[in-house]
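Results of the structural survey
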Amino acid sequence: MRDTAGAATGLRERKKERTREALVDAAQELFLRKGYDATTIDEIVAAVEVSRRTFFRYFAGKEEVALARAMEFEQLFLSALATRPADEAPLTALRRAGTEVLSEFGDEPDDGGGHEFLRMRRLIEGTPVLLAASLRNAIELERRMAAEIARREGLNPELDRRPALLVTLYHSVMRVAMDEWTEREVMDTAGLSRIVEAAWDDMATLLADRWTAGELHGG
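All values reported here derive from a predicted model rather than from experimental measurement. (Residues numbered from 1 in each chain as written. Predicted model: local features only at pLDDT ≥ 70, side-chain atom pairs only at ≥ 80, totals over all residues. Heavy atoms only, no water.)

1. Some details on the packing of aromatic side chains
As enumerated under the stated definition, the model contains six aromatic pairs in all. Judged by centre distance (5.7 Å) and plane angle (45°), the ring pair of Phe55 and Phe59 falls under tilted. What makes Phe55 buried here is its relative accessible area of 0%. The exposure class assigned to Phe59 is buried, which follows from its relative accessible area of 2%. Through successive ring pairs, a cluster of aromatic residues spans Phe55, Phe56, Tyr58 and Phe59. Above the ring of Tyr36, the side-chain terminus of Lys62 is found at 4.3 Å from the ring centroid. (Phe/Tyr/Trp six-rings, centres within 6.5 Å; stacked < 30°, edge-to-face > 60°. Buried < 20%, exposed > 50% of the residue type's maximum accessible area, 1.4 Å probe, protein only. Lys NZ or Arg CZ within 6 Å of the ring centre and 35° of its normal.)

The structure is reproduced here in structure tokens:
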């Protein structure tokens, strides 16, 4: 007997996901074309041909829709970290979870106006309200990552600072690597992976307290 209720539920969920994606795509296109402050929610919903009420079913406001892709990436990372093998060392689990999620980027052709990821990153960094929200999200992500490392290792994160220190180290390396990648404007994931690995090699050198130009690896 066919599960019609289940099929209907699945169809509704797919429709909801398509609507959400359409809102994110329309918002980002408008933000990049007009600027964040100059774009209104009315313009976003008009582009997708839905109501304001529908918009607010998915997002609390412009800020949330602007950061939607970054928040999706963060959730993918947390999910990947939670499923890493229990016997992996904490730093290994972090690095392999990161590699797994970076592979989801895919290579996008340059459209002449710059890679959308790069343009959105610059938009966020150049818009005070978005930059502040992005930093708040980063702090929350680090807290959740540290909690997951503590869970894996059977530690109490309120009494043991090592998970927080490890996560801070991880994010420092990734931030420097991501900055270098976007500054080069050669937006391919293979290039990012090379930069990330070189950054980790350099971090290992620095943690060993070796600091000579010849020992650093560069990109």
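Here the narrative resumes.
2. Describing the environment of Leu123
When you line up the elements, Leu123 lands in helix H7 (residues 116-125). For the pair Leu123 and Gly35, spaced 88 residues apart in the sequence, the C-alpha separation amounts to 7.9 Å. What Leu123 contacts, discounting residues up to four positions off in sequence, is Phe31 and Tyr36. (Helix = DSSP H or I, 4+ residues; strand = E, 2+ residues; numbered from the N terminus. Contact = heavy atoms within 4.5 Å.)

3. Description of the pattern of salt bridges
All chains considered together, the criterion is met by 19 salt bridges. Within the structure, one salt-bridge network assembled from shared partners comprises Arg20, Glu21, Asp25, Arg69 and Glu72. (Salt bridge = Lys/Arg side-chain N within 4 Å of Asp/Glu carboxyl O.)

4. Overview of the environment of Arg119
Looking at the secondary structure, you find Arg119 in helix H7. Residue classification places Arg119 among the partly exposed residues on the basis of a relative accessible area of 29%. In the structure, Arg119 is positioned 88 residues away from Phe31 in sequence and 9.9 Å away in space, judged by C-alpha atoms.

5. Comments concerning the confidence of the model for the chain
Close inspection of predicted coordinates is inappropriate in any region flagged by low pLDDT. Of all residues in the chain, 85% have pLDDT values of 70 or greater, and the mean over the chain is 87. Looking at the elements of the chain, mean pLDDT is at its lowest for helix H1 (residues 4-34), recorded as 86, and at its highest for helix H2 (residues 41-48), recorded as 97. Here residues 109-114 scores under 50 on pLDDT; set against residues more than four positions off or in separate chains, the count is four contacts. (pLDDT = per-residue confidence, 0-100.)

6. With respect to helix H10 (residues 189-207)
Owing to its 3.6 residues per turn, the α-helix aligns residues three or four sequence positions apart on the same side. When the terminal C-alpha atoms of H10 are compared, their 27 Å separation across 19 residues agrees well with the 27 Å that a helix rising 1.5 Å per residue should span. A positive phi of about 65° marks Asp209, the residue just after H10. (Expected span 1.5 Å × (residues − 1).)

7. Things to note about the packing of helix H8 (residues 128-153) against helix H9 (residues 162-184)
Packing of H8 against H9 brings their axes to within 8 Å, and their N-to-C directions diverge by 125°. With respect to each other, H8 and H9 are oriented oblique. With respect to the hand of their crossing, H8 and H9 are arranged in right-handed fashion. Between H8, through Leu141, Glu142, Met145, Ala146, Ile149 and Ala150, and H9, the contact on the second element is made entirely by Pro163, Ala164, Leu166, Val167, Thr168, Tyr170 and His171. Residues belonging to the contact of H8 with H9 are distributed by class as follows: ten nonpolar, two polar and one charged. (Axes fitted to C-alpha atoms, helices over the stretch in contact; angles between N-to-C directions. Parallel < 35°, antiparallel > 145°, perpendicular 65-115°, else oblique. Left-handed = near helix turned anticlockwise from the far one by under 90°. Nonpolar A, V, L, I, M, F, W, Y, C, P; charged D, E, K, R; others polar.)

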